[in-house]
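If you want the building blocks of each chain, they are given just below.
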Amino acid sequence: MAVDVLLINPWIYDFAAYDLWARPLGLFQIGAKLRQVGYQVALLDALDPFHPELPKPPRRKSFGTGHYFRQPVPKPVFFSDVPRRFARYGMPAEVFKQELKRLGPPKVILVTSLMTYWYPGVVEAVRLAKEIYPEVPVLLGGVYATLCPEHARTMVGADLVFSGPEDKSLFKAVQDLVKPSGAKAPHPYPVFDLQTHIPYVVIATSYGCPFGCPYCASKLLQPTFRQRDPEEVASEIEFWHKSYGVIDFAFYDDALLLNFDHHLGVILDKILSKGLKLRFHTPNALHLRFITPEVAHLLYQAGFETLRFGLETADPKRRAKLDHKVSVEDLPRAMAYLREAGFRGEQLGVYLLWGLPDQDFEEVKASARYVAYHGASPYLAEYSPIPKTELYQEALRVSRYPLDEDPLFHNNSCFPCLSKPDWEAIEETKRYVRALRAEVKARSTPRGFHLKPRPF
Ligand code: B12
Ligand code: SF4
């Protein structure tokens, strides 16, 4: 049957990229809704690590994560001061073109976008789609299209650009362009089954976040916080497990633990009562303040394998300016409960932001040491300045790049907010934090962990 709607997930152009439970959930949800009303939907995932035509299969790691296929590409000239190689992650362009042809001309193409600085992959995907099917309308949406709509309208070459959470206007636009062929949807869930292989499934049990951290775009992307019906989420998880044998599930929520007793608690009770043996991961950070002994126990029982929390910094002065979602005292308490419940230190990661305006690496190391002292594994997350967020004005002031001129400058790996990055010191700080993680792993016991915190 001819395809009505083709969904495209574009390439990533970056210094580094890793499939850490990364799937284009928004696009897959739209595909599900279109299938529900009778559209025949197909997927072309440029990042597909399992595509049979890849010249070399990328290495895969535990719990469904792994590498993408990667081809070195010239580094944008203004990154000449960044001593790292640049690459395109995903299938070779030839394979992408073959796939476009194999799937046949669709009636409409929907392209998603994620990080603002990954837009070159979006431009390329739209260009190739237009080259092969010049008559087919291309619609663009997603995070980049929402955060940088003017840039997307001028640079990408899509026929229509949608900003914000997918809304009725998308479905109206699709309906105006093509009538559903009447195909029957196999199920109502995001279209993970259109992939070559399903290594894991990602789930959002809620949208948005009630907190308003100055560096974060959550409110711009989803202005109101909304939680889904827990029964419906549990059924979705059960469906993927029973129908496709999926074991690993990653949550994409910005505030997964909020209202725990009436939300995630209910979902996990359902999973346990059905006797499902699953593994859960939270690559997007959880809130330390919501960890109680009961929460920790239920997370452990239900099979949470990888937990990540947001602390951002342990430095009191910066915390006062930067972060109100947790207090620094939440860390020891939460870690004690989690360890008591049975988690090991290497399962408990705590994100620390670095590369912030006017931040030095000693502060970063001291925060990492504070985290390790309490038996958790510190993970460094480089700051990416996002337009229209509160901290962006400060980023504009300190950045060595004209941030407003090109979203490429939002790339976290180039440390855009350092006026003169000391790359040696950056590598040394990374090594320092890696060594702390190794120590946490080596010395992790249920009773705790003993490292002397360095005073601030
Ligand atoms: C899950 C997630 C991740 C995952 C990976 C996700 C993936 N698919 O690859 C992980 C945890 C790995 C990750 C990593 C990072 N992330 Co992240 N991540 C998110 C998060 C929380 C959710 C994205 C999501 O899937 N949402 C759910 C779906 C349903 O929404 P959606 O895709 O936007 O789709 C909706 C609409 O956009 C629209 N839509 C989507 N596609 C289309 C297509 C069409 C045609 C239409 C009409 C509409 C449409 O409809 C959907 C339904 O409403 C967002 C924050 C957020 N709240 O969105 C940050 C976010 C995207 N991440 C961000 C950042 C900073 C990062 C990191 C740099 C963090 C760090 N410092 O390490 C890394 C970078 C990774 C890298 N370099 O490889 C920033 C963006 C930065 C930027 N400049 O763009 C965000 C916005 C968070 C923030 N701080 O504000 N991330
Ligand atoms: S708590 Fe997390 S998701 Fe919510 S605003 Fe802060 S950083 Fe963003």
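Residues numbered from 1 in each chain as written. Chains lettered and ligands numbered in written order. Predicted model: local features only at pLDDT ≥ 70, side-chain atom pairs only at ≥ 80, totals over all residues. Heavy atoms only, no water.

(A) A look at the site of ligand 1. Taken together, 38 residues are adjacent to ligand 1, and Thr112, Thr116, Ala217, Asp254 and Glu382 come closest. In this structure, Glu382 approaches ligand 1 through a main-chain N or O atom, which is 2.7 Å from a nitrogen atom. Of all elements in the fold, only helix H1 (25-36), strand E6 (108-111), strand E7 (138-140) and strand E16 (377-382) reach the threshold of two or more residues within the shell around ligand 1. When residues of the shell around ligand 1 are assigned to their parent elements, the largest contribution, three residues, is made by H1. (Near = heavy atom within 4 Å. Polar contact = N/O pair within 3.5 Å; in protein donor to acceptor, adjacent residues only side chain to side chain. Helix = DSSP H or I, 4+ residues; strand = E, 2+ residues; numbered from the N terminus.)

(B) Representation of the site of ligand 2 in the model. Looking at ligand 2, the residues that line it are Cys209, Phe211, Cys213, Tyr215, Cys216, Asp254, His287 and Lys325. Broken down by class, the residue content of the shell around ligand 2 amounts to five nonpolar, one polar and two charged. (Nonpolar A, V, L, I, M, F, W, Y, C, P; charged D, E, K, R; others polar.)

(C) Region of interest: the sheet that holds strand E12 (residues 248-251). Reading across from one edge, E9-E12-E13-E14-E15-E16 is the order of the six strands in this open sheet, with parallel pairing throughout. Edge positions in the open sheet fall to strand E9 (201-203) and E16, since each of these has one partner strand only. Averaged over all neighbouring strand pairs, the angle between strand axes comes to 25 degrees, with direction disregarded. (Pairing = 2+ DSSP bridges. Axes fitted to C-alpha atoms, helices over the stretch in contact; angles between N-to-C directions.)

(D) Region of interest: the sheet that holds strand E5 (residues 86-89). Pairing in this open sheet of three strands is antiparallel, and the strands run E2-E5-E4 from one edge to the other. The two strands at the open ends of the sheet, each matched to only one other strand, are strand E2 (12-14) and strand E4 (70-73). Between one strand axis and the next, the sheet turns through 25 degrees on average, direction left out of account. In this sheet, E5 lies alongside E2 in antiparallel orientation, the contact comprising three bridges. Residue Ile12 lies in a different strand from E5, and its bridge partner there is Tyr89.

(E) Region of interest: the pattern of salt bridges. All told, the structure shown has 29 salt bridges when counted by the stated rule. With a shortest N-O distance of 3.0 Å, Glu346 and Arg344 are connected by a salt bridge. Under the relative-accessibility criterion, Glu346 is labelled partly exposed at 26%. Judged by its relative accessible area of 40%, Arg344 is partly exposed. One continuous salt-bridge network, built from bridges that share partners, spans Glu94, Lys97, Arg127 and Glu131. (Salt bridge = Lys/Arg side-chain N within 4 Å of Asp/Glu carboxyl O. Buried < 20%, exposed > 50% of the residue type's maximum accessible area, 1.4 Å probe, protein only.)

(F) Up close: unusual backbone geometry. Of note, Phe63 is a non-glycine position whose phi angle comes to about 60 degrees, a positive value. Assignment of secondary structure puts Phe63 in the loop between strand E3 (41-45) and E4. Positioned with a positive phi, Asn259 is a non-glycine residue whose angle comes to about 60 degrees. By the element assignment, Asn259 lies in the loop between E12 and helix H9 (264-273).

(G) Expanded view of H1. With 12 residues, H1 should cover 16 Å at 1.5 Å per step; its first-to-last C-alpha distance of 17 Å lies within 8% of that length. Burial analysis of H1 places nine of its 12 residues in the buried class, which makes it a mostly covered element. Every buried residue of H1 is listed here: Leu25, Leu27, Phe28, Gln29, Ile30, Gly31, Ala32, Leu34 and Arg35. The inward-facing, buried residues of H1 abut strand E1 (5-9), E3, E6, helix H6 (168-177), E9 and strand E10 (206-207). (Expected span 1.5 Å × (residues − 1). Contact = heavy atoms within 4.5 Å.)

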